[in-house]
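Here is how the chains run, residue by residue.
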Amino acid sequence: LGRIANDAGIVYSGQAMAGQIIVIGQTRVGSQILCATASSEVPSTLTDIAAAKYQSSPAEWSADNINTGWACLKSSLSDPQYYQYNYESDIVAGTAPAADNTYTATALGDLDGDAVYSTFVLNGQVQEESDELVLTKAPALVETNPAE
């Protein structure tokens, strides 16, 4: 989850700009991006991680587009995983972030296969600081049933 949050921060700190020609003598300002919600979890079903590791494919992590989900975040895992990952944001894809926009990165696990899930959540929020928008993340995970 820390990696997903870091990826959100890297994308946010980059500057996006439309691919249109800038007229000579004029300027155009870039803007920050907060990735919109991923279209699916990885893996897509919880049974894939019930008391087992799941090997995700690169295609699962490249789903969506430049402003949305995993493709926007450029997040991926190449090693087998015990958890199902999800990324959600309250921003509309392709719009500039505003103060109070948020994201949530979630991992669900079922290490013993009893259908009781460990849940780990890491939140982030766009905040205004001295007329500048800054993306911050929570200092710790929110854990529910961490030993499950």
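What this report covers is the structure whose coordinates are included nearby. (Residues numbered from 1 in each chain as written. Predicted model: local features only at pLDDT ≥ 70, side-chain atom pairs only at ≥ 80, totals over all residues. Heavy atoms only, no water.)

Applying the stated criterion to the full structure yields four aromatic pairs. The interplanar angle of 50° and the centroid separation of 6.5 Å between the aromatic rings of Trp-61 and Tyr-85 together place this pair among those described as tilted. Placement of the pair is Trp-61 in helix α2 (residues 58–61) and Tyr-85 in strand β1 (residues 83–89), with a sequence separation of 24 residues. Side by side, Trp-61 and Tyr-85 carry an identical accessibility label, which is buried. (Phe/Tyr/Trp six-rings, centres within 6.5 Å; stacked < 30°, edge-to-face > 60°. Helix = DSSP H or I, 4+ residues; strand = E, 2+ residues; numbered from the N terminus. Buried < 20%, exposed > 50% of the residue type's maximum accessible area, 1.4 Å probe, protein only.)

All right, on to a negative patch on the surface then. Residues Glu-128, Glu-129, Asp-131 and Glu-132 make up a contiguous surface patch of negative charge. Positionally, Glu-132 belongs in strand β4 (residues 132–137). Judged by relative accessible area, which is 48%, Glu-132 ranks as partly exposed. (Patch = residues over 30% accessible without salt bridge, like charges linked within 9 Å, V, L, I, M, F, W, Y side chains within 5 Å. Areas by Shrake-Rupley, 256 points an atom, 1.4 Å probe, with all protein chains shown as cover. Salt bridge = Lys/Arg side-chain N within 4 Å of Asp/Glu carboxyl O. Lys, Arg positive; Asp, Glu negative; His and termini not counted. Charge placed at Lys NZ, Arg CZ, Asp CG, Glu CD.)

So, on to helix α1 (residues 2–13). Compared with an ideal rise of 1.5 Å per residue, which puts twelve residues at 16 Å, α1 spans 16 Å between its outermost C-alpha atoms and is within 8% of the ideal. For α1, the set of buried residues is Ile-4, Ala-5, Asp-7, Ala-8, Val-11 and Tyr-12. The buried residues of α1 occupy one face: seen down the axis, they fall within an arc of 160°. Away from its buried face, by an angle of more than 90 degrees, α1 presents the exposed residues Ile-10 and Ser-13. (Expected span 1.5 Å × (residues − 1). Arc of directions from axis to C-beta.)

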